[in-house]
Amino acid sequence: MADEADQAQFIEARDLALALRQRHTTLIATGRCYSCDEDVPEGRKFCDRDCLDDFERLEAARKRGGRDVD
Ligand SMILES: [Zn+2]
């Protein structure tokens, strides 16, 4: 039975889609990822959660000291 796994995957995908859309509402969706500059579907600002996380890490680093942390 894969139903449960499918549903978990569906919920995860839906949550990710929401996170990718609802976070950083001040950013304009340009059709490109704000993290890696790849093409993304219309209305999105990041490819996936990794890019969202990367972007937020950089943002936080910038706010802290104005320098990127690797
Ligand atoms: Zn990306």
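Residues numbered from 1 in each chain as written. Predicted model: local features only at pLDDT ≥ 70, side-chain atom pairs only at ≥ 80, totals over all residues.

## Brief notes about the overall build of the chain
We apply this condition: Helix and strand definitions follow DSSP, with helices as H or I runs of at least four residues and strands as E runs of at least two, each counted in order from the N terminus. Buried residues are those with 20 or more other C-beta atoms within 10 Å of their own C-beta, exposed residues have 12 or fewer, and partly exposed residues lie in between; C-beta atoms are placed from the backbone. Two residues qualify as being in contact provided that their C-beta atoms, derived from the backbone, are within 7 Å of each other.
A count of helical and extended segments in the chain gives two helices and zero strands. Counting across all 70 residues of the chain, residues that qualify as buried make up 14%. At a minimum sequence separation of 6, the contacts of the chain that also span at least 24 residues come to 16%.

## Let's talk about the environment of C51
Topologically, C51 is positioned in helix α2 (residues 49-65). For the pair formed by C51 and C36, sequence separation is 15 residues and the distance between their alpha carbons is 7.0 Å. When neighbours within four sequence positions are excluded, C51 is seen to be in contact with C33, S35, C36 and F46.

## Concerning unusual backbone geometry
Within the chain, D37 stands out as a residue other than glycine whose phi angle is a positive 75°. Within the fold, D37 resides in the loop between α1 (3-22) and α2.

## Observations regarding the environment of R49
Its place among the elements puts R49 in helix α2. Residue classification places R49 among the partly exposed residues on the basis of 13 C-beta atoms within 10 Å. Put simply, R49 and A17 are 32 residues apart on the chain and 9.2 Å apart in space, counted from C-alpha to C-alpha.

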